[in-house]
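Report on the structure
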Amino acid sequence: MTTTLALTGSPLWYASRASGTLALVLLTATVTLGIAAGGRAAPRCIGRFEIGLLHRNLSLLTLAFLTMHVVTAVLDPFVHLGWAVAVVPFGASYRPLWLGLGTAALDQLLAVLVTSALRQRLGVRRWKAVHWMAYAAWPLALFHGVGTGTDTRLPLQLWLHAGCLGAVVAAVWWRLAKAGPGHITGRLPAATAAMAVPVVLGAFLATGPLQPGWAQRAAATTFVLGGGR
Amino acid sequence: MNSAAMMPLALPHPSAPPGETRLLADWYTTGRPATLNDHLTRYGPPPVAAALGSRTSVPLVEAVEAAGLTGRGGAGFPTARKLRAVAERRGRAVVVVNAMESEPASCKDQFLSTVAPHLVLDGAVLAAAAVGADTVHICLPRDRATQHRQLSAALDERRRARLDPVRLRLQALPHPYVSSESTSLVRWLNGGPARPQGSPPRTHERGVHRRPTLVNNAETLAHLALIARYGPDWYRQAGTPDEPGTTLVTLSGAVAATGVLEAALGTSITTLLDRAGEPTEPLQAVLLGGFAGTWLPRAHLHTPLARRDLAPLGAAPGAGVLIALPRAACGLSETAQILAYLAAHSARQCGPCHLGLPAVAEDFTALAAGRADPGLLPRLRRRTGLLPDRGACRHPDGAARLAASALRAFADDVDHHLTHGPCPAAHQPPRIPIPPATPPETWR
Amino acid sequence: MTSTRSLRVNRITCTGQGLCAELLPELIDLDEWGYPLLKDRAVPDQLRTHARQAVAACPRLALHTDRGRP
């Protein structure tokens, strides 16, 4: 069954799936580094500036693969997506809600890109405020991948998702463990979110994509506000 | 002095300028706070129209420059340069009167605004005219209710007399040590905490409500009010050619009469101590400039109170605070307690101040208590050197100055504490009244 | 391009992350609490690129270069 699932479609469709998966892995690495290096604790063997550079370069690579993911998905004749889908969330003809999550994540990452390029001019507070959205973009991208992904039911893909989830959750816990006392108002939500995302994702997988008939249900789910179809 | 208040007043001719005592002239004559009526009888209304200059008068900024007036809040910055910097900016300016006086050993601004409130307010109004401001904020500490009431009454008098062409607003601020820093005032007036802001942008560029803002000490403005009336030549009759004029001095510690007096700049410290009724005990040193000041050992007490003479000793007149330390006291433990107070009052914004001040205070306490390890003195010197010029304000610089000067002035005591343990006086309660070293309750 | 540059640290925003001292050790040391100590505020021409990188790397945007001498 898996073979038939994987071998249908055009080369563009393969490219889109592969680049999407890679982008998720790279985004996970970026977010993990960002979370882990944001605190005061740092490993001795590597310079802090190197972590910073790695974080930046990984994020640029993420965007490169995301561009490829979007372009190939739009060009692919199978799903008939317009270019607007790349920036306007929840308006797609194909799995509007799940694709829209990906668009929303992309929009947020673009905002982070622009503000980071202009951060010297914007000042640290405004830049940081937008940068925090990258934390929201990651779960959006994850749910987008799981909800839209053609390959969600492949065991390898499931392991990949589990790995991504594990890395980010571990980074959050590491940072919280290394941080000193105080700032409970900021840290409690972070800890809660780090616990909630795996639970929600697991429940979603069990009731959604891993059940038979998901393709029909995903196509029918529209975002309440977005209207879709 | 109270008997003088009962007698019919023999005021000098209204136009006769005051002599050696200027700001406090009225107080010395009458012995009671000057009402608006007293003030107007003596000085007449503030020459607001003349402040901008006309055919018969020079602009106030030029008069202040010719007079050589410098800020009396501690930094001693030339007042004319401040006025000019604000006046040259575009847009309506704001004037802030700094009467916060958070230095625990100083009470000259409080005293001045009690006995001659209208001199301070005249100065603020004249400065506002000179820089093109329409609003004056008078900043007082929230915990001085009496001062607030008195100034409020003075403002009511002026309002009834329709004296001032600008809005005067009384503001009650929280009172931690660094809240009297000019950027703290601006930040609080903009709705933030009364913590130093750092720069740029500087206050004269973008201050209260993003407008060009002039922040001046209350005493400075009172001097300015007199310069506007009597001119720079009169102002220069007192003081030294480099540092003209008079200054208010707060004397405390081992002197017979603690309090505020007015003296010409360049008066020697010994003379000032004598005018405060002479020391009550043999003196060991004088703390000049307040808690963020410099210890001057007895050998240097003949030094004139002037920037130029004090600079080689690493000292400055500052806000004119003199604390006389008797020989029986332990200079090191007094310093340790002052440092602990200064550390507690750090705004906790800048790392070197937030972490460095407590570290220096702790080292100093260990030194004073005779709990010194061999590395203590080098460590203390190194840490003291890490403080200056590394904060958004000059708070760490002041603490470092105090610590370094104590190590110099009490060098023999340092040796004694290191080799023989603490001196007997180290166990006595401090002779200088130092507020508890607890962090401020509020910055809002 | 001959105008000199000088370094400035915004002490309030600086949290002592220490990246600047890694990238510009010629001009910046760290004190015992991890906060930057400017050995020399003036940036020599041959260090200008390094200074720019250090400014860009500060996660708190607390390091600045200003035109003109310190």
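Residues numbered from 1 in each chain as written. Chains lettered and ligands numbered in written order. Predicted model: local features only at pLDDT ≥ 70, side-chain atom pairs only at ≥ 80, totals over all residues. Heavy atoms only, no water.

1. Quick word on the overall build of chain C
Quick reminder of the rule: A run of DSSP states H or I qualifies as a helix once it reaches four residues; a run of E qualifies as a strand once it reaches two. Both are numbered from the N-terminal end. C-alpha atoms define the radius of gyration, and 2.2 Å times the number of residues to the power 0.38 defines the globule rule. Exposure classes here rest on a 1.4 Å probe applied to the protein chains alone. A residue is buried below 20% of its type maximum, exposed above 50%, and partly exposed in between. Contacts between residues were defined by any pair of non-hydrogen atoms, one from each residue, lying within 4.5 Å.
In terms of helices and strands, chain C carries two helices and five strands. Tracing chain C from N to C terminus, the helices and strands come up as β-α-β-β-β-α-β. At 11 Å, chain C has a C-alpha radius of gyration in line with the 11 Å of a compact globule built from 70 residues. The principal-axis extent of the C-alpha atoms belonging to chain C is close to 35 × 20 × 20 Å. Residues counted as buried form 47% of the 70 residues belonging to chain C. Pairs at least 24 apart in sequence give 61% of the contacts found in chain C among residues at least 6 apart.

2. As for the domain arrangement of chain B
Size of an interface: often given as the accessible area lost when the parts come together. All names here are of chain B. Inclusion rule: Marked domain ranges trace back to an automatic or database domain assignment. By buried area we mean the combined loss of accessible area, with a 1.4 Å probe, across both parts when two parts are placed together. What counts as a salt bridge is simple: a side-chain nitrogen of Lys or Arg found within 4 Å of a carboxyl oxygen of Asp or Glu. Each polar contact in these results corresponds to two N or O atoms within 3.5 Å; when the atoms are within protein, one needs to be able to donate a hydrogen and the other to accept it, and residues that are neighboring in sequence are counted only if both atoms are side-chain atoms. Just so you know the grouping, Ala, Val, Leu, Ile, Met, Phe, Trp, Tyr, Cys and Pro go in nonpolar, Asp, Glu, Lys and Arg go in charged, and all remaining residues, Gly too, go in polar.
Per the domain assignment, the segments making up chain B are domain 1 (16-235), domain 2 (246-326) and domain 3 (331-427). Once you take the C-alpha centre of each, domain 1 and domain 3 turn out to be 35 Å apart. Buried surface at the junction of domain 1 and domain 3, both sides included, amounts to about 780 Å², of which 62% is carbon and sulfur. Our count for the contact surface shared by domain 1 and domain 3 stands at zero salt bridges. Our count for the contact surface shared by domain 1 and domain 3 stands at four residue pairs in polar contact (both at pLDDT 80 or more). Grouping the constituent residues of the side of domain 1 that touches domain 3 by class yields five nonpolar, three polar and three charged.

3. What to know about the confidence of the model for chain B
Rules: Confidence of the prediction at every residue is given by pLDDT, a number between 0 and 100.
With 96% of its residues at a pLDDT of 70 or more, chain B has an overall mean of 92. Counting contacts from residues 1-15 of chain B, a segment whose pLDDT is below 50, to residues more than four positions away or on other chains yields 19 contacts.

4. Overview of the sheet that holds strand β4 (residues 213-217) of chain B
Residue and element names in this part refer to chain B. Inclusion rule: Two strands pair under a simple rule: DSSP has to find at least two bridges between them. To obtain an axis, a line is fitted to C-alpha atoms, over the contacting stretch when the element is a helix, and the angle between two such axes runs from 0 to 180 degrees between their N-to-C directions.
With parallel pairing, the four strands of this open sheet are ordered in space as β3-β2-β1-β4. Looking at strand neighbours, the two that pair on one side only are β3 (167-173) and β4, the edges of this open sheet. Between one strand axis and the next, the sheet turns through 20° on average, direction left out of account. Note that strand β2 (residues 133-141) and β3 share seven bridges and pair parallel. The partner of P141 across the bridge, within β3, is L173. Across the sheet, helix α7 (residues 117-131) touches β1 (93-98), β2, β3 and β4, and the angle it forms with β1 is around 155°. Sheet strands touched by helix α9 (residues 182-189): β1, β2, β3 and β4. Its angle to β3, the strand with the most contacts, is close to 100°.

5. Some thoughts on the sheet that holds strand β4 (residues 42-43) of chain C
Hydrogen bonds along the backbone pair up the strands of a sheet, which may run parallel or antiparallel. Residues and elements named next belong to chain C. An order of β4-β1-β5 is seen for the three strands of this open sheet, with the pairing classed as antiparallel. Each of the sheet's edge strands pairs with one partner strand only, and the pair in question is β4 and β5 (63-67). Two elements, strand β1 (residues 5-9) and β4, share two bridges in a ladder whose sense is antiparallel. Bridge assignment links S6 to a residue of β4, and that residue is A42.

6. Side note on the interface of chain A and chain C
The interface is formed by 12 residues belonging to chain A together with 16 residues belonging to chain C. Together, the buried faces of chain A and chain C total about 1,100 Å²; carbon and sulfur atoms form 48% of this surface. By the criterion of area lost to chain C, the three top residues of chain A are R40, R48 and F49 of chain A, representing 47% of everything that side buries. Our count for the contact surface shared by chain A and chain C stands at zero salt bridges. Put simply, chain A and chain C have six residue pairs in polar contact (both at pLDDT 80 or more) between them. Among the secondary structure elements, those contributing two or more residues to the side of chain A that touches chain C are α3 (48-75), α5 (119-122) and α6 (124-131) of chain A.

7. Some details on the packing of helix α14 (residues 351-368) of chain B against helix α16 (residues 395-409) of chain B
The axes of two packed helices give the description: the angle between them and the distance between them. Residue and element names in this part refer to chain B. Note the following rule: The scheme is simple: roughly parallel for angles under 35 degrees, roughly antiparallel for over 145, roughly perpendicular for 65 to 115, oblique for anything else. Here a crossing is taken to be left-handed if its near helix is turned anticlockwise relative to the far helix by less than a right angle, and right-handed if that turn runs clockwise.
Put simply, α14 and α16 touch, their axes get as near as 10 Å, and they point 20° apart. Considering their axes alone, α14 and α16 lie roughly parallel with respect to each other. In the crossing of α14 with α16, the sense of the turn from one axis to the other is left-handed. Across the interface between the two elements, C353, L357, V360, F364 and L367 of α14 pack against H395, P396, A399, A403, A406 and L407 of α16.

8. Comments concerning helix α9 (residues 184-207) of chain A
Rule in force here: In a helix, the anticipated span is given by 1.5 Å times the number of residues less one.
Along its 24 residues, α9 of chain A runs 34 Å from first to last C-alpha, staying within 8% of the 34 Å computed at 1.5 Å per residue. When α9 of chain A is considered as a whole, its buried residues turn out to be A191, A194, V197, L201, F204 and L205 of chain A.

9. Some points on unusual backbone geometry
What you tend to see is this: most non-glycine residues have negative phi, and most peptide bonds are trans. All names here are of chain B. At E101, a residue that is not glycine, the phi angle is positive and equals roughly 40°. In this fold, E101 is placed in the loop between β1 and α6 (108-115). Even without a glycine there, the phi angle at R210 is positive, about 60°. Along the polypeptide, R210 turns up in the loop between α9 and β4. A residue is classified by how much of its surface remains accessible, and R210, at 60% relative accessible area, is exposed.

10. A word on the pattern of salt bridges
For the structure shown, the criterion picks out 26 salt bridges over all chains. A salt bridge links R72 of chain B to E219 of chain B; its shortest N-O distance comes to 3.6 Å. On the criterion of sequence distance, the pair formed by R72 of chain B in the loop between α4 (60-67) and α5 (79-87) and E219 of chain B in helix α10 (residues 218-235) is long-range, its members being 147 residues apart. Given the relative accessible area of 4%, R72 of chain B is considered buried. A salt bridge links D66 of chain C to R8 of chain C, with the shortest nitrogen-to-oxygen separation between them at 2.7 Å. Residue D66 of chain C is located in strand β5, and its partner R8 of chain C is located in strand β1; the two are separated by 58 residues in the primary sequence. Look at D66 of chain C and you get partly exposed, because its relative accessible area is 24%. Among the charged side chains, a salt-bridge network with shared partners connects D363, D373, R379, R382 and R383 of chain B together with E32 of chain C.

11. With respect to the interface of chain B and chain C
Taken together, the contact pairs 19 residues of chain B with nine residues of chain C. Buried area between chain B and chain C, summed over both chains or domains, comes out near 1,200 Å², and the portion from carbon and sulfur atoms is 62%. Of all residues in chain B, L355, L386 and R390 of chain B give up the largest surface area on contact with chain C, accounting jointly for 43% of the area buried on that side. At the surface where chain B touches chain C, the tally comes to three salt bridges.

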